[in-house]
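Observations on the three-dimensional arrangement
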Amino acid sequence: MHDTEDMPADADFDEEEPSFSDPEDFEDDIDDEELLGDLLREKPQEADGIDSVVVVDNVPQVGPERLEKLKNVIHKIFSKFGKITNEFYPTVEGPEGLTKGYIFLEYGAPTQALEAVKNADGYKLDKQHTFRVNVFTDFDKYMSISDEWETPEKQPFKDFGNMRHWMEDPDCRDQYSVIYESGERTAIFNNDAKDPIVSEERARWTETYVRWSPKGTYLATFHQRGIALWGGEKFKQIQRFSHQGRFIHQGVSLIDFSPWERYVVTFSPLMDTKEDPQAIIIWDILTGQKKRGFHCESSAHWPIFKWSHDGKFFARMTQDTLSIYETPSMGLLDKKSLKITGIKDFSWSPGDNITAFWVPEDKDIPARVTLIQLPSRQEIRVRNLFNVVDCKLHWQRQGDYLCVKVDRTPKGTQGVVTNFEIFRMREKQVPVDVVEMKGDPESKTAESIIAFAWEPNGSKFAVLHGESPRINASFYHVKNNGKIELIKMFDKQQANSIFWSPQGQFMVLAGLRSMNGALAFVDTSDCTMMNMAEHYMASDVEWDPTGRYLVTSVSWWSHKVDNAYWLWTFQGRLLQKNNKDRFCQLLWRPRPATLLTQDTIKVIKKDLKKYSKIFEQKDRLSQSKASKELVDRRRSMMEDYRSYRETALQQHEDQKTARLQLRGGVDTDELDIVPYAVPFLRGD
């Protein structure tokens, strides 16, 4: 180790300090970007962060005493799109200190600001305030708009084909979807009395099951990352479920459509968080935008949301609360829910914006059924009930009647007694008729109710009651004179389900699953049994939209053998037995409501005999393959002839000028030609 000598503090050095000055003739040819580019790129900019700022207009103007409440409301609405990192509420100078009616909110990322604009613009806070939301950077865009009109750029048109293609079938055949091979294959068939005709078939089209929209426009398929909607002649994808696409809702297990196919509701138990409600999402079908998300703890009673008949309202029931929302804002009607202590169930009328709900007894307060008109919330009828165990609400399809099935435990009777309370919705003050299902008077036991169903287009209803093997099927008619008449009762039926034809009059009493698939085809116009049949272990029954055909099936999901679907006429005549490997599901494609007026329909029914001969001839020709080939060949020959004739007429017209020149200007086409009879010469 070397010793160091202490040097005096004031020691002088001969070396000069280095100079860092540039020489006089030096020219600096290096710019700041080249020298300090990495630092300059991190230099804060005046406009940094403004693409994460949104401006919300039409906000209520409040004073200092209500400002905190306003902030809570704003946070509740806008925090669902992302974390709000900064906010500013401009105020008017003066003693009152009112807010100016617009605010600034800053999010953590530009994508969150865009999400707020997409979903909150047009949000109806109340009757006087509807939010208009813009990104702050939109101001530059609006300021740069020219005062002179410029033709907007034409947007590319997405052609999905004819979305009503299946309704233009010349033979008026309906379609149905079939899932088989335990879900590996899905096919769309055109129904035909002889053999089904494949319209589209794909492998692994869905991961679970499929669902048609209410008017048949869309086919929904299920996937791990969401759902996809298909439609048009070739079933093109209308909405995507890819990561960059729309309808991203991982783990969707249930869906529902609004009645007019404007919105689709998806449920996933995987996505919900306390801060971000994602269990239930309502989407706009046309744009693919998420309209609103909701929390949901259980999907046991799906659909959670029930829609009004016109799609203007949707509602959900929670404990002691009925929440009614309106579209398109997706906000609570009048900003508040209905507080209904003990509410058990509710249901919308299929024909009016009326909802019915029931509440059980509470100490000395009787149970009650209440009808409410919306959006006014006016109570139009309240019915008090006593000794009630349970109620079920059954609307007739047009909303003309409401049947409330009431289970009671009156004194002196063993078990539960059932009454049907029939509300006549089209009459003044909504009168109520009662049908009592009487049990055995000797044993004082009540009659067990197995099933109830309204006739879709009429005023009849059917009830299955009793215990196996003595199950009875009773048919009632609600008359205009205020009476309800029992028109027929069939005893000892093997049935546990009622299936009305969509057009009414005809119905099937079915004994599904444990009852071995017994089928009874009934014409309720005169209550005659048209046919008795059986599809062993049948699990499902599906009417086609027209009421002409019926399908019974054994699903692989419920029974692992004999998986097939059978096609029947409405009279009960078996047409086809279609065996499919591990057949799972069959669903008929719905038809939209007819555009014909009732008067036009009456005229068609009146003149139906004019067309019956044509229909019968067509049916006879289609019964055999040879006849079908003959018809197709004749049709092809006729089309060839028409094509040749049109070509010949066009050629004749094109040659008219040449004919005039050859014939000295005389238009021989206009001359009346007198037939000349050539005498027939006979030899003697």
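Model, not experiment: these values are computed from the prediction. (Residues numbered from 1 in each chain as written. Predicted model: local features only at pLDDT ≥ 70, side-chain atom pairs only at ≥ 80, totals over all residues. Heavy atoms only, no water.)

Digging into the sheet that holds strand β28 (residues 432-437)
Using the following cut-off: Pairing between two strands requires that DSSP report at least two bridges joining them. We count a stretch as a helix when DSSP gives it H or I for four or more residues in a row; a strand needs E for two or more, and each element gets its number in order from the N terminus. The convention used is that axes are lines fitted to C-alpha atoms, helices contributing only their stretch in contact, and that angles between N-to-C directions extend from 0 to 180 degrees.
Judged by pairing direction, the sheet is antiparallel, and its four strands sit side by side in the order β25-β26-β27-β28 without closing on themselves. Each edge of the open sheet carries a strand with a single partner, namely β25 (388-395) and β28. The mean inter-strand angle of the sheet, taken between neighbouring strand axes irrespective of direction, is 20 degrees. Alignment of strand β27 (residues 417-424) against β28, held across six bridges, turns out to be antiparallel.

With respect to the sheet that holds strand β23 (residues 367-373)
Across the sheet, four strands lie side by side as β21-β22-β23-β24; this open sheet has antiparallel pairing. Two strands bound the open sheet, and with one partner strand each, they are β21 (345-348) and β24 (378-385). Strand-to-strand twist of the sheet, defined as the mean angle between neighbouring strand axes without regard to direction, takes the value 15 degrees. Across six bridges, strand β22 (residues 354-359) lies against β23 in antiparallel orientation. Across the sheet, residue Ala356 finds its bridge partner in β23, namely Leu371.

Some points on the pattern of salt bridges
We count it as follows: Only one rule defines a salt bridge in this text: a Lys or Arg side-chain nitrogen within 4 Å of an Asp or Glu carboxyl oxygen. When accessible area is computed with a 1.4 Å probe and restricted to protein chains, residues below 20% of their type maximum are described as buried, those above 50% as exposed, and intermediate ones as partly exposed.
Evaluated as defined, the whole model comprises 25 salt bridges. Its salt-bridge partner being Arg211, residue Asp256 comes within 3.4 Å of it at the nearest N-O pair. Remark: Arg211 occurs in strand β8 (residues 210-212) and Asp256 occurs in strand β12 (residues 254-257); sequence separation between them is 45 residues. The class for Asp256 is buried, based on a relative accessible area of 12%. According to the relative accessible area criterion, Arg211 is partly exposed, its value standing at 28%. Where Arg582 meets Asp581, a salt bridge forms, and the shortest distance between an N and an O atom there is 3.0 Å.

Looking at empty space enclosed by the protein
Applied cut-off: Only protein atoms enter the 1 Å grid used here, on which a cavity is any set of points holding a 1.4 Å probe that cannot leave and a pocket is any open set flanked by protein within 12 Å on both sides along at least five of seven lines; residues with an atom within 4 Å of a point are listed as lining. Grid points are joined across faces, edges and corners, and a volume is the space filled by probe spheres set on the points. Residues were grouped as follows: Ala, Val, Leu, Ile, Met, Phe, Trp, Tyr, Cys and Pro as nonpolar; Asp, Glu, Lys and Arg as charged; and all remaining residues, including Gly, as polar.
Under the criterion given, the structure shown has two cavities of 30 Å³ or more. Size it by volume and the largest cavity reaches roughly 140 Å³. Together, 14 residues line the largest cavity, and Lys80, Phe81, Asn119, Lys291 and Arg292 are the ones closest to its centre. Those elements giving two or more residues to the lining of the largest cavity turn out to be α3 (110-120) and β15 (290-294). Per-element accounting of the lining of the largest cavity gives the leading share, four residues, to β15. Split into classes, the residues belonging to the lining of the largest cavity amount to six nonpolar, three polar and five charged. By volume, the second largest cavity amounts to about 30 Å³. What lines the second largest cavity is simply Lys656, Arg659, Leu660, Arg663, Val666, Asp667, Thr668 and Asp669.

Regarding the packing of aromatic side chains
Selection criterion: Only Phe, Tyr and Trp rings take part, Trp by its six-membered ring, and two of them pair if their centres are within 6.5 Å. Stacked means planes under 30 degrees apart, edge-to-face means over 60, and tilted covers everything else. Two limits define a charge over a ring: the Lys NZ or Arg CZ must be within 6 Å of the ring centre, and within 35 degrees of the ring normal.
A complete count under the given rule lists 36 aromatic pairs for this structure. Pairing Phe88 with Phe104 gives two aromatic rings, centres 6.1 Å apart and planes at 25 degrees, and the pair type is stacked. With Phe88 in strand β2 (residues 84-88) and Phe104 in strand β3 (residues 102-107), this pair connects stretches of sequence that are 16 residues apart. By relative accessible area, Phe88 is classed as partly exposed at 49%. Three or more aromatic residues joined by ring pairs make a cluster, and in this case those are Tyr263, Phe294, Phe305, Trp307, Phe314 and Tyr325. Above the ring of Trp556, the side-chain terminus of Lys560 is found at 3.5 Å from the ring centroid. For the cation-ring pair, Lys577 lies above Trp566, with the distance from its terminal atom to the ring centre recorded as 4.4 Å.

Focus: the side chain of Thr221
Our working definition: N or O atoms closer than or at 3.5 Å make up a polar contact, with two conditions inside protein: a donor-capable atom paired with an acceptor-capable one, and, for residues adjacent in sequence, both atoms drawn from side chains. Here a residue-residue contact requires only that any non-hydrogen atoms of the pair lie within 4.5 Å.
Residue position: Thr221 is located in strand β9 (residues 219-223). Of the polar contacts made by the side chain of Thr221, one reaches the side chain of His223; its length is 2.8 Å. Not counting chain neighbours up to four residues away, the residues in contact with Thr221 comprise Trp205, Thr206, Tyr209, Val210, Gly226, Ile227, Ala228 and Trp230.

Looking at a nonpolar patch on the surface
Rules: Only residues whose relative accessible area exceeds 30% and that form no salt bridge are eligible for patches; like-charged ones are grouped when within 9 Å, while nonpolar side chains (Val, Leu, Ile, Met, Phe, Trp, Tyr) are grouped when within 5 Å. What sets the accessible areas is the Shrake-Rupley method with a 1.4 Å probe; for residues, cover comes only from the shown protein chains.
A surface patch of nonpolar side chains, amounting to about 560 Å² of accessible area, comprises Leu596, Ile604, Leu608, Tyr611, Ile614 and Phe615. When residues in the nonpolar patch are grouped by element, the largest group, four residues, is from helix α6 (residues 608-622). Its location among the elements puts Tyr611 in helix α6.

A look at the nonpolar core
In plain terms, the rule: By nonpolar core is meant a set of buried Ala, Val, Leu, Ile, Met, Phe, Trp, Tyr and Cys residues that side-chain atoms within 4.5 Å join together.
With 24 residues, the main nonpolar core has Val56, Ile74, Phe78 and Phe131 as its most contacted residues. Among the elements of the structure, β1 (53-57), α2 (64-78), β3, α3 and β4 (132-135) are those that each provide at least two residues to this core. Of the residues forming this core, the biggest block, five residues, is contributed by α2. Ignoring sequence-local partners within four residues, the contact set of Ile74 consists of Val59, Ser79, Tyr89, Ile103, Leu105 and Phe131. Within the second largest apolar cluster, 18 residues are counted, among which are Ile354, Ala356, Leu402 and Val404.

Side note on the pairing of β15
Relative to β15, strand β14 (residues 280-284) runs antiparallel, the two sharing four bridges. Residue pairing for β15: Trp283 is matched across the bridge by Lys290. Between β14 and β15, which pair antiparallel in sequence order, lie five residues; one of them, Gly288, sits at a positive phi of approximately 80 degrees.

Concerning the environment of Arg582
Within the element layout of this structure, Arg582 appears in the loop between β40 (574-579) and β41 (585-588). Put simply, Arg582 and Ala564 are 18 residues apart on the chain and 8.1 Å apart in space, counted from C-alpha to C-alpha. Those residues in contact with Arg582 that sit more than four places away from it in its chain are Tyr180, Glu181, Ser182, Trp556 and Asn563.

Regarding the pairing of β21
Of the strand pairs in this sheet, β21 and β22 are connected by four bridges, and their pairing is antiparallel. If you follow Asp345 over to β22, its bridge partner there is Trp358. The hairpin turn running from β21 into β22, its antiparallel successor, is five residues long.

Let's talk about the side chain of Asn190
Secondary-structure assignment places Asn190 in strand β6 (residues 185-190). With sequence-adjacent residues up to four places away left out, Asn190 is seen in contact with Arg173, Asp174, Gln175, Pro196, Ile197 and Ser199.

Overview of the environment of Thr524
Mapping Thr524 onto the fold places it in the loop between β35 (518-523) and β36 (528-534). Between the alpha carbons of Thr524 and Lys488 there is a distance of 8.9 Å; along the sequence they are 36 residues apart. Sequence-distant contacts of Thr524, defined by excluding residues within four places in its chain, comprise Glu455, Lys460, Phe475, Trp500, Gln505 and Met507. Among the polar contacts made by the side chain of Thr524, one reaches the main-chain carbonyl oxygen of Gln505 at a distance of 2.5 Å.

Concerning unusual backbone geometry
The bulk of non-glycine residues show a negative phi, and the bulk of peptide bonds are trans. Residue Trp302 is joined to Pro303 through a cis peptide bond whose omega torsion reads 5 degrees. For Pro303, the position within the fold is in the loop between β15 and β16 (306-307). Here the bond from Leu374 into Pro375 is cis, since omega is 10 degrees, no more than 30 degrees from zero. Within the secondary structure, Pro375 sits in the loop between β23 and β24. If you check the backbone angles, Asp334 has positive phi at about 60 degrees while not being a glycine. Tracing the sequence through the fold places Asp334 in the loop between β19 (331-332) and β20 (338-339).

The values are spatial; any link to function lies outside them.
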